[in-house]
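Take a look at the letters that make up each chain.
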Amino acid sequence: LRTVTGVQTCALPIFPVTLGTCWTEALGVRLVSADRKTLSFELGGQYYFVESATAAVSSIPAVSYFTPGALSNDGVLFGTQGARVFRVNRSGQQSAVYGTENLDYFNVVGVDLIDSNILWLRGSYSIARVNMVTGESRNIQFGPSYSARVVQADLNAGGGITVLLEGSAPGTSSLSILK
């Protein structure tokens, strides 16, 4: 945090953003698009979008009870509201993500880095792969029911997702790569 001619500037993860008074502790979830061209965060009941090339800032009102989890390259926020997965576009319109109708209590990992039609979700004991165009979804479990807990899930640069699992036996873990 620094002050330049009376205006505080937040040094956010990839670019400085001038928003007048800045409360870095008050920033909500901070998301960066995979192409690193857009940053999004919540502050004071608004979702802000910052374009890295121009530093242009735009905003929309925050959506009640919506928890953003990912920002697509085209500026769409994906997240959860209650037990369901939703998208919020740059004009503030909210809609359920096609293909997630039967997937409750998942968290958004992100939009696939190679195929932007694929959304990856993380549950406590499974990963879901959703084709947002066709509506096809696959709930991928790792072993018998509740035998492997998903500890971490991250998108791969070459597409797909890497999943760290913890087994039900003490000290057992594994790593899975899904496409």
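Further remarks concern the overall build of the chain. What the chain contains, in helices and strands, is 0 helices and 18 strands. Restricting the contact set of the chain to residue pairs at least 6 apart, pairs at least 24 apart contribute 31%. Put simply, the chain shows about 9,500 Å² of open surface, and 50% of that area lies on carbon and sulfur atoms.

On to the sheet that holds strand β7 (residues 57–61). The strand order across the open sheet built from 4 strands is β4-β5-β6-β7, with neighbouring strands paired in antiparallel fashion. Looking along the sheet, the strands with just one partner apiece sit at the ends: β4 (31–32) and β7. Sheet topology note: the β4/strand β5 (residues 38–43) ladder contains 2 bridges and is antiparallel. Bridge pairing links L31 to S40 in β5.

With 14 residues, the main nonpolar core has F78, V108, L119 and L121 as its most contacted residues. Looking at this core, the elements that each hand over two or more residues are β12 (107–111), β13 (118–122) and β14 (126–131). Aside from chain neighbours lying at most four places away, what touches F78 is F66, P68, G69, A70, S72, F86, R87, V97, V108, V111, L119 and M132. By size, the runner-up hydrophobic cluster in this structure holds 13 residues, among which are W120, V150, V163 and L178.

Reading the values: the criteria
- Within every chain, residues take consecutive numbers counted from 1 along the sequence as written.
- Local features in a predicted model are, by the rule used here, given only for residues with pLDDT of at least 70; side-chain atom pairs are given and counted only at 80 or more, and totals for whole chains, interfaces and linings are based on all residues.
- With hydrogens and water stripped out, all remaining heavy atoms of the structure feed into the side-chain values.
- Counting from the N terminus, the helices are the DSSP runs of H or I reaching at least four residues and the strands are the DSSP runs of E reaching at least two.
- In what follows, a contact means two residues having at least one pair of non-hydrogen atoms within 4.5 Å.
- Only the protein chains shown count as cover for residues, with accessible areas throughout obtained via the Shrake-Rupley method and a probe of 1.4 Å.
- We treat two strands as partners when DSSP finds at least two bridges between them.
- Nonpolar core, defined: a set of buried Ala, Val, Leu, Ile, Met, Phe, Trp, Tyr and Cys residues in which side-chain atoms within 4.5 Å join the residues together.
- Each residue gets one of three labels from its accessible area relative to the maximum for its type: buried under 20%, exposed over 50%, partly exposed in between, using a 1.4 Å probe on protein chains only.

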